[in-house]
Every structure is written in C-alpha cells, then in structure tokens.
Amino acid sequence: MGEWTDKAKGKVKETVGVATGDRSLEAEGKADTAKGKVKGVVEDVKHAIKDAVDDRDAPRRDADPYQR
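Calculation notes
- Residues numbered from 1 in each chain as written.
- Predicted model: local features only at pLDDT ≥ 70, side-chain atom pairs only at ≥ 80, totals over all residues.
- Heavy atoms only, no water.
- Axes fitted to C-alpha atoms, helices over the stretch in contact; angles between N-to-C directions.
- Helix = DSSP H or I, 4+ residues; strand = E, 2+ residues; numbered from the N terminus.
- Parallel < 35°, antiparallel > 145°, perpendicular 65-115°, else oblique.
- Left-handed = near helix turned anticlockwise from the far one by under 90°.
- Contact = heavy atoms within 4.5 Å.
- Nonpolar A, V, L, I, M, F, W, Y, C, P; charged D, E, K, R; others polar.
- Salt bridge = Lys/Arg side-chain N within 4 Å of Asp/Glu carboxyl O.
- Buried < 20%, exposed > 50% of the residue type's maximum accessible area, 1.4 Å probe, protein only.
- Expected span 1.5 Å × (residues − 1).
- Polar contact = N/O pair within 3.5 Å; in protein donor to acceptor, adjacent residues only side chain to side chain.

A. Molecular detail of the packing of helix α1 (residues 3–20) against helix α2 (residues 23–57). One can describe the packing of α1 onto α2 by two numbers: an axis separation of 7 Å at closest approach and a directional angle of 160°. With respect to each other, α1 and α2 are oriented roughly antiparallel. Viewed along their axes, α1 and α2 form a crossing whose handedness is left-handed. Between α1 and α2, the residues in contact are Glu3, Asp6, Lys7, Lys9, Gly10, Lys11, Lys13, Glu14, Val16, Gly17 and Val18 and Leu25, Glu26, Glu28, Gly29, Lys30, Asp32, Thr33, Lys35, Gly36, Lys37, Lys39 and Gly40, respectively. Here the residues of the contact of α1 with α2 sort into three nonpolar, six polar and 14 charged.

This is how it looks when you write it as structure tokens:
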C-alpha cells in the first residue's frame, strides 16, 4: 500500500485499539503508521537522488560552448 494509506490505516487501528483496550491492535496500528513514514522517507530519498542525477546530466549554464 501507499505511504498515506499505511499511515491512515495505522492511525485507525491504533485508535480502535486504544478505545477497545486491544493492545495488540494498537501495536499493529503503530507499526503500520511507522511503515507509512518509512515509505515516505524512501520516496523522498529516491526523488533527491533523481534530482541530483538530473542536475549532474544537465549542461552547465556558465560553460563556454566554444571552449574545447
């Protein structure tokens, strides 16, 4: 599932677990929330790497096109 889906699902499970006194469900909800946060960080890192590679491959604006 996606980052936001895992976070939402985790929060619901955690809230229901607290409300019903089901510590197992509460823990499962916390784990799902953490899983969603990790997915978000991984996506951020992937975007940062892609941006860095794209910037490296882009021609430099200050480069002299006639210089060899």
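Anyway, onward from the coordinates.
B. The arrangement of the pattern of salt bridges in detail. Scanning all chains against the criterion turns up eight salt bridges. The closest approach of N and O atoms between Glu26 and Lys30, which form a salt bridge, is 3.7 Å. With Glu26 and Lys30 both in helix α2 and four residues apart, this pair spans about one turn of that helix. Exposure remark for Lys30: the relative accessible area of 44% places this residue in the partly exposed category. Residue Glu43 pairs with Lys46 through a salt bridge whose shortest N-O separation is 3.0 Å. You can see Glu43 and its partner Lys46 sitting in helix α2, three residues apart, about one turn around the helix. When its relative accessible area of 48% is taken as the criterion, Lys46 is described as partly exposed.

C. Focus on α2. In this model α2 runs 51 Å from its N-terminal to its C-terminal C-alpha over 35 residues, within 8% of the 51 Å that 1.5 Å per residue would give. Considered for burial, the residues of α2 that qualify are Glu26, Gly29, Asp32, Thr33, Gly36 and Gly40. Looking at the buried side of α2, the elements it contacts are α1. Among the residues of α2, the N-terminal cap falls to Asp22, whose side-chain oxygen and the backbone nitrogen of Ser24 are separated by 3.2 Å.

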